[in-house]
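For reference, the chains in residue letters:
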Amino acid sequence: MRLALRFPKRRAAAATLGAVLSAALLSAPAAVPAAHAATDPVTSVPPAGEHGFPFLAAAEDLGSFGYTESEYFFSGTAASYAKAGLWRSDGRWDVRESGRAAFKSRLLVRRPADPAKFNGTVVVEWLNVSGQLELSPDYWFTRDELLRQGYAWVGVSAQSVGVNGGLGEIKGLKGWDPARYGTLVHPGDAFAYDIFSQAGRALRSPDGPDPLGGLKVTTLLADGESQSAGFMTTYANAVQPVARVYDGFMIHSNSAVASPISGELADILWMPNPSRIRTDLTVPTFVVLTETDIPGAFAARQPDTGGVVHWELAGTAHGDQWAFDLGGPTIRKSAGDAAPKPDCAAGSAPFNDGPGHYSMNAALRLLAGWARGGAAPPSGPELNTVLRDPRTGLATGGIRLPDVAVPTRTLSGERDTSGSGIFCGLYGASDPWNGDADPWDRHDGGDPSDPSFPRTAEPVLSRLYPTHADYVAKVRAAAQQSVDARYLLPEDAAAIVAAAESGPNRSGIEKRRSGARA
């Protein structure tokens, strides 16, 4: 196989985008020390407010899945932390308490209506505020696994921007619905780490109404994606050894440098670069990176251990069509026209519609079992986004689910962002194989066609898969291989094979070639 070594302009943008977003969005109000000792958080039920529903309330009918949605406030006194001693790249970071302040924040809770359906695991997601309002990206990525397996999910308003507002049109929860959220208090992101700890304590031992409705919790998993993953890295390294609240960590799409413990923008310059995951925690940490993330995260690679495992996913993007489609109605329900938008240029490539959510489903189930004392997830090969297969345009290496192992299009974590907004690059691209006829074909590392000598054209599907039956057989074999390797769940493998069988589909492979009729 001849490998293409290419460095398109958009790769540089992808390499810096995560760092830019983290740095630009970290600023928070100044912390105000409290004069009294921290106490266990008190839970309460919010008023109905002007809208009559919580911000980020699900647009879909959760009742049809046997789930309920509710919201609770939790309040008390939170601590801030400062570095104690020298912080190195190994993540073994000590902290000291640097201040205390009163807080009042919220928990958005989705749980099985029938306690018998609860599997004992609560996924606690640090809500993402990169768009200057709260989003739940990992809920959307793992939604199928959450609802079919009986998890409870809790979104935590951990950061100041989510509560108090930032640069966006909606000025936080308090600005969106003052009647509902006007009593919330967030003293700044220096306190966000302890607020997240206290969210976990409120779920385990509530002082007031029980956010989980009496469900018996056996496993509490902390989760964060993108900017929230930067905070989650610092939380796992510096706060978990002190707080000891969570039973495992999902760190999805972090960069090579973790978020400052102070919550102050300038302090990111003093964070270890790279910031790796400490290997001496008594609970497991699972780091999952998409193709988009690799340019900005590869410097923090580290060997897998009995407590830390990394996956790098070929053909995936930081944000993708799945998360966009699933989350869009929920965001618009609350934010309307103020919802953050990718702002990709007209006529540019479609979003990546690859297998990221399937990988996240598997990662969640594996982490939950691991946290309960089961086997660690399998390690995965490193992904190379520079060396690409010129026949397909796909990155080489990494975990390769059937969409990548038996390809019908180029799936990339990169895209051309010319004339587009800052978030567009996070969504990657999908490029159908149609003889290089699309206006977005750029003849670079994200497209298999290449005008340089010797010219490489996009694959011809009928040559790759002479019959529909041949295509389905290859998909089935790839799916089974991924299941056997524990990179794919059996339920999702069945869905992938069923989609291949149902053709004609995006592959353009005609059923009539195998004697079947569409």
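To be clear, the structure that these remarks concern was listed above.
Residues numbered from 1 in each chain as written. Predicted model: local features only at pLDDT ≥ 70, side-chain atom pairs only at ≥ 80, totals over all residues. Heavy atoms only, no water.

Trainee: Teacher, can you tell me more about the packing of aromatic side chains here?
Mentor: Counted by the stated rule, this structure contains 22 aromatic pairs. Taken together, a centroid distance of 5.0 Å and an interplanar angle of 85° make the contact between Phe286 and Trp311 edge-to-face. In this pair, Phe286 sits in strand E9 (residues 285-290) while Trp311 sits in strand E10 (residues 308-313), placing the two residues 25 residues apart along the sequence. In this structure Trp311 comes out as buried when scored by relative accessible area, which is 0%. Relative to Tyr487, the ring of Trp311 lies with its centre 5.4 Å away and its plane at 85°, an arrangement referred to as edge-to-face. Within this pair, whereas Trp311 is found in strand E10, its partner Tyr487 is found in the loop between helix H13 (468-484) and helix H14 (490-501), the two being separated by 176 residues in sequence. Here Trp311 and Tyr487 have matching classes, each one buried. These aromatic residues form a ring-pair network of at least three members: Trp126, Tyr193, Phe196, Phe231, Tyr235, Tyr246 and Phe249. The ring of Tyr139 has Arg110 lying over it, and the distance from NZ or CZ to the ring centre is 4.4 Å. The residue whose ring lies beneath Lys333 is Phe53, and the NZ or CZ to ring-centre distance is 4.9 Å. (Phe/Tyr/Trp six-rings, centres within 6.5 Å; stacked < 30°, edge-to-face > 60°. Helix = DSSP H or I, 4+ residues; strand = E, 2+ residues; numbered from the N terminus. Buried < 20%, exposed > 50% of the residue type's maximum accessible area, 1.4 Å probe, protein only. Lys NZ or Arg CZ within 6 Å of the ring centre and 35° of its normal.)

Trainee: How should I be thinking about the side chain of Asp416 in this particular structure?
Mentor: With respect to the element layout, Asp416 can be found in the loop between strand E13 (409-412) and strand E14 (429-432). Of the polar contacts made by the side chain of Asp416, one reaches the side chain of Ser418; its length is 2.8 Å. (Polar contact = N/O pair within 3.5 Å; in protein donor to acceptor, adjacent residues only side chain to side chain.)

Trainee: Quick question: what am I supposed to make of the nonpolar core here?
Mentor: The tendency in soluble globular proteins is for nonpolar side chains to be buried side by side. Counting 64 residues, the largest nonpolar core has Phe55, Met250, Phe286, Trp311 and Leu488 as its most contacted members. In terms of residues, this core owes the most to one element, helix H10 (residues 356-371), which gives nine residues. By size, the runner-up hydrophobic cluster in this structure holds 62 residues, among which are Phe74, Ile261, Met271 and Val287. (Core = buried A, V, L, I, M, F, W, Y, C linked by side-chain atoms within 4.5 Å.)

Trainee: Mind showing me how you'd approach the packing of helix H6 (residues 192-204) against helix H7 (residues 227-243) here?
Mentor: Between two packed helices, both the angle of their axes relative to each other and the distance between the axes serve to describe the pair. It is the contact of H6 with H7, at a shortest axis distance of 10 Å, that shows an interaxial angle of 65°. In the crossing of H6 with H7, the sense of the turn from one axis to the other is right-handed. On H7, the residues that touch Tyr193, Phe196, Ser197 and Arg201 of H6 are Phe231, Met232, Thr234, Tyr235, Val239 and Ala243. Class assignment for the residues of the contact of H6 with H7 results in seven nonpolar, two polar and one charged. (Axes fitted to C-alpha atoms, helices over the stretch in contact; angles between N-to-C directions. Left-handed = near helix turned anticlockwise from the far one by under 90°. Contact = heavy atoms within 4.5 Å. Nonpolar A, V, L, I, M, F, W, Y, C, P; charged D, E, K, R; others polar.)

Trainee: What is the right way to read H14 from this model?
Mentor: Given 3.6 residues to a turn, an α-helix orients residues that are three or four positions apart in the same direction. For H14, built from twelve residues, the straight-helix expectation of 16 Å at 1.5 Å per residue is met to within 8% by its first-to-last C-alpha distance of 16 Å. Buried within H14 are the following residues: Asp492, Ala493, Ile496, Val497 and Ala500. Down the axis of H14, the buried side of the element spans an arc of 140°, and every buried residue falls inside it. Elements in contact with the buried residues of H14: helix H2 (137-149), H10, helix H11 (402-405) and H13. (Expected span 1.5 Å × (residues − 1). Arc of directions from axis to C-beta.)

Trainee: Help me out: how do you make sense of the pairing of strand E7 (residues 219-225) in this one?
Mentor: One face of the sheet, then the other: side chains in a regular strand alternate in exactly this way. Among the seven residues that make up E7, seven are buried, leaving the element largely enclosed by the rest of the structure. Alternating positions in E7 separate into two faces, Thr219, Leu221, Asp223 and Glu225 on one and Leu220, Ala222 and Gly224 on the other, with burial throughout. Bridge count for strand E5 (residues 121-126) against E7 is five bridges, and the pairing is parallel. Of the residues in E7, the one forming a bridge with Thr121 is Thr219. Across five bridges, E7 lies against strand E8 (residues 248-252) in parallel orientation. Counted as the bridge partner of Asp223 is Met250 from E8. In this fold, E7 hands off to H7, which returns the chain to E8; that crossover is right-handed. (Pairing = 2+ DSSP bridges. Right-handed = clockwise from strand over helix to strand, strands pointing away.)

Trainee: What should I look at first to understand the sheet that holds E7 in this one?
Mentor: Backbone hydrogen bonds are what pair the strands of a sheet, in a parallel or an antiparallel way. A sheet is described by the order of its strands in space; here nine strands give the open sequence E2-E3-E4-E6-E5-E7-E8-E9-E10, paired in mixed fashion. One side of each edge strand has no neighbouring strand; the edge strands of this open sheet are strand E2 (42-44) and E10. Averaged over all neighbouring strand pairs, the angle between strand axes comes to 20°, with direction disregarded. Relative to E8, H7 is tilted by about 155°, and along the sheet it contacts strand E3 (67-84), strand E4 (94-112), E5, E7 and E8.

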